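Spelled out from the first residue to the last, the chains are:
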Amino acid sequence: MNSRPDEAVRSAPSPASAPFIPYGRQHIDDADVQAVVEVLGSKYLTTGPAVDAFEEDFAEATGSAHAVSVANGTVALHALYAALGLGHGDEIVVPAITFVATANAAVYLGATPVFADVDPSTALMDAESVRERIGPRTRAVVSVDFAGQPCDYDALTRVCDEAGVVLVADACHALGGAWKGRPVGSLTYASTFSLHPVKHITSAEGGMITTDDAEFAAHLKVLRNHGIRSTFRERAEGNTWEYDMSELGFNYRLSDVHAALGRSQLRKLPEFVERRRQVAARYREAFAGHPDVVPLDEAPGATGSYHLFMVRIPAQRKAEVFEAMRGANIGVNVHYQPVYLHSYYRREFGFSEGLCPVAEEAYEELLTLPMYPQMTDEDVDRVAGTLIRTLDAG
Ligand SMILES: *Cc1c(COP(=O)(O)O)cnc(C)c1O
């Protein structure tokens with residue numbers, strides 16, 4: 001455990017018989033199991049007190065006044081965009097490099113995603129590209145803290161303020177991160193999170209929207225409950241059957257069973273993030289000075305929470321390296337193809353190559369290395385050593 005990474009890295013064996021190291025995985029402990037079991041024996045399995053408690057704790061953890069839980073991170077984006085009033089003919093600026101859901105949720109509402117290019121050193125949305133993409137139909141700009149690195153919120157906020165456009169965050173990669181000491185979740189008008197097992201904490205499936213605007217949070221709670229203002233529990237406890245559906249909403253509620261798991265997991269967020277940062281530091285030390293392995297930067301002002309650890313490697317060797325790593329039982333991955341190059345977006349919106357050249361070049365080179373809190377130093381050394389040996393052998 002105490003050996004210097006460079007020595008350990010070069011000697012770490014990685015035969016195909018070594019145990020599989022996935023690119024990410026959840027960690028569930030006895031306290032999590034206990035929390036779920038308790039709710040299963042309680043009066044409410046959904047819209048109950050576990051949901052309220054989780055939302056309160058989540059708001060506190062993200063430095064936000066309000067947190068609204070929903071069924072997953074994708075519907076968090078859909079509900080957020082719906083609450084912003086996004087509709088047919090509207091445009092929304094999103095980064096080229098993100099999970100498809102960031103853009104898809106706007107398409108659900110009949111809006112058109114407009115893709116901004118990224119910065120080559122971080123692969124994060126570039127504020128100057130955002131400035132160029134904002135037009136008369138732009139209703140919102142959505143930042144994505146790709147891989148867990150907070151974007152440059154000074155630059156993005158300035159561009160959006162000047163244009164009079166609201167800035168919101170798809171922060172699904174960056175729970176537990178910070179920008180200049182301010183927690184992710186409190187950096188824009190509203191932020192969305194995913195609680196999928198591969199993310200920082202999990203409720204199996206789940207999502208959250210944070211905001212400081214009390215009215216906006218209240219509206220989100222109506223939207224997640226079919227457009228109905230009162231919940232089943234409120235009607236039961238108020239001895240009334242009456243309710244009014246005042247607008248078209250959805251059933252995007254998170255159950256108390258999921259909320260109990262999420263709340264128990266949230267208690268471990270600081271230690272999870274600390275270990276992710278240790279893993280990142282060990283990777284960086286192992287790759288320092290290697291000409292062919294260039295990790296994405298942690299920008300000045302950013303405290304990354306490392307949902308992913310991303311490196312750039314020579315594009316012409318990527319397929320061979322990917323195959324060698326998988327052959328050594330290391331679950332490397334690739335995040336993400338520029339969204340507009342998916343066949344759906346080419347066909348339905350007419351997008352093609354050349355729209356965001358920096359993102360397209362980054363995609364050719366980016367490789368995702370395993371990153372999760374239960375990784376041991378030996379696991380990290382095995383991953384780094386296998387990558388370095390593969391590249392050096394070529
Ligand atoms: C995970 C993720 C989502 C979607 O979250 P789900 O909970 O899987 O629906 C959206 N955006 C980004 C950037 C994500 O990483």
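See the structure above.
Analysis parameters
- Residues numbered from 1 in each chain as written.
- Predicted model: local features only at pLDDT ≥ 70, side-chain atom pairs only at ≥ 80, totals over all residues.
- Heavy atoms only, no water.
- Phe/Tyr/Trp six-rings, centres within 6.5 Å; stacked < 30°, edge-to-face > 60°.
- Buried < 20%, exposed > 50% of the residue type's maximum accessible area, 1.4 Å probe, protein only.
- Lys NZ or Arg CZ within 6 Å of the ring centre and 35° of its normal.
- Near = heavy atom within 4 Å.
- Polar contact = N/O pair within 3.5 Å; in protein donor to acceptor, adjacent residues only side chain to side chain.
- Helix = DSSP H or I, 4+ residues; strand = E, 2+ residues; numbered from the N terminus.
- Nonpolar A, V, L, I, M, F, W, Y, C, P; charged D, E, K, R; others polar.
- Core = buried A, V, L, I, M, F, W, Y, C linked by side-chain atoms within 4.5 Å.
- Pairing = 2+ DSSP bridges.
- Patch = residues over 30% accessible without salt bridge, like charges linked within 9 Å, V, L, I, M, F, W, Y side chains within 5 Å.
- Areas by Shrake-Rupley, 256 points an atom, 1.4 Å probe, with all protein chains shown as cover.
- Salt bridge = Lys/Arg side-chain N within 4 Å of Asp/Glu carboxyl O.
- Expected span 1.5 Å × (residues − 1).
- Axes fitted to C-alpha atoms, helices over the stretch in contact; angles between N-to-C directions.
- Contact = heavy atoms within 4.5 Å.

Trainee: Would you mind showing me how to read the packing of aromatic side chains here?
Mentor: How two aromatic rings sit relative to each other is set out by the distance from centre to centre and by the angle between their planes. Counted under the stated rule, the structure contains 17 aromatic pairs. Arranged with centres 6.4 Å apart and planes meeting at 70 degrees, the rings of Tyr 344 and Phe 349 form a pair that is edge-to-face. Taking relative accessible area as the criterion, Phe 349 reaches 28% and is therefore assigned partly exposed. The structure contains a cluster of three or more aromatic residues connected by ring pairs, namely Phe 115, Tyr 340, Tyr 344, Tyr 345, Phe 349 and Phe 351. The side chain of Arg 233 reaches across the aromatic face of Tyr 44, ending 5.8 Å from its centre. Between the NZ or CZ atom of Lys 318 and the centre of the ring of Tyr 363, over which it lies, the distance is 5.2 Å.

Trainee: Explain the site of the ligand to me, please; I cannot follow it from the model alone.
Mentor: Among the 14 residues in the neighbourhood of the ligand, the closest are listed as Gly 73, Thr 74, Asp 170, Ser 194 and Lys 199. Here an oxygen atom of the ligand and a side-chain polar atom of His 173 are 2.9 Å apart. The element contributing the most residues to the shell around the ligand is helix H4 (residues 73-83), with 3 residues. Looking at side-chain class alone, the shell around the ligand contains 5 nonpolar, 7 polar and 2 charged residues.

Trainee: I would appreciate a short explanation of the nonpolar core in the present structure.
Mentor: The nonpolar side chains of a soluble globular protein tend to be buried with one another. Formed by 95 residues in total, the largest nonpolar core has its most connected members in Phe 58, Tyr 81, Phe 115, Val 130, Val 141 and Phe 146. Element by element, the count of residues in this core is highest for H4, at 8 residues. Within the second largest apolar cluster, 27 residues are counted, among which are Phe 309, Ile 330, Leu 369 and Val 383.

Trainee: Even after reading the chapter, I still don't get the sheet that holds strand E10 (residues 294-295), so can you show me in this structure?
Mentor: Strand-to-strand pairing in sheets goes through backbone hydrogen bonds, with the strands running parallel or antiparallel. Within the open sheet, the 3 strands sit side by side as E10-E12-E13. Their pairing is antiparallel. Each of the sheet's edge strands pairs with one partner strand only, and the pair in question is E10 and strand E13 (366-369). With 2 bridges joining them, E10 and strand E12 (residues 309-312) adopt antiparallel strand pairing. Considered in E12, the bridge of Val 294 is made with Arg 312.

Trainee: In this structure, what is going on with a nonpolar patch on the surface? I would like to understand it.
Mentor: Taken together, the side chains of Ile 28, Val 33 and Val 37 make up a nonpolar region of the molecular surface, amounting to roughly 230 Å² of accessible area. Of note, Val 37 is situated in helix H2 (residues 30-40).

Trainee: Is there a simple way to explain helix H15 (residues 377-393) in this structure?
Mentor: Because the α-helix completes a turn every 3.6 residues, residues three or four places apart line up on one side. In this model H15 runs 24 Å from its N-terminal to its C-terminal C-alpha over 17 residues, within 8% of the 24 Å that 1.5 Å per residue would give. The element H15 is largely enclosed, with a buried count of 13 among its 17 residues.

Trainee: Could you clarify how one ought to interpret the sheet that holds strand E5 (residues 166-170) in this entry?
Mentor: Spatial ordering of the open sheet is given by E1-E9-E8-E5-E4-E2-E3, a layout of 7 strands whose pairing is mixed. Both outer strands of the open sheet, strand E1 (66-70) and strand E3 (112-116), are each paired with one neighbouring strand and no more. For this sheet, the mean inter-axis angle between neighbouring strands, taken without regard to orientation, is 25 degrees. Of the strand pairs in this sheet, strand E8 (residues 190-194) and strand E9 (residues 207-211) are connected by 5 bridges, and their pairing is antiparallel.

Trainee: Help me out: how do you make sense of helix H11 (residues 269-287) in this one?
Mentor: Its 19 residues place the ends of H11 27 Å apart at the C-alpha level, agreeing with the 27 Å of an ideal helix rising 1.5 Å per residue. Within the span of H11, buried status applies to Leu 269, Phe 272, Val 273, Arg 275, Arg 276, Val 279, Ala 280, Arg 282, Tyr 283, Ala 286 and Phe 287.

Trainee: Could you clarify how one ought to interpret the side chain of Lys 268 in this entry?
Mentor: Mapped onto the elements, Lys 268 comes out in the loop between helix H10 (256-266) and H11. Among the polar contacts listed, one links the side chain of Lys 268 to the backbone oxygen of Ser 264, at a separation of 3.4 Å. Among all residues touching Lys 268, those that are not within four sequence positions of it are Asp 29 and Asp 32.

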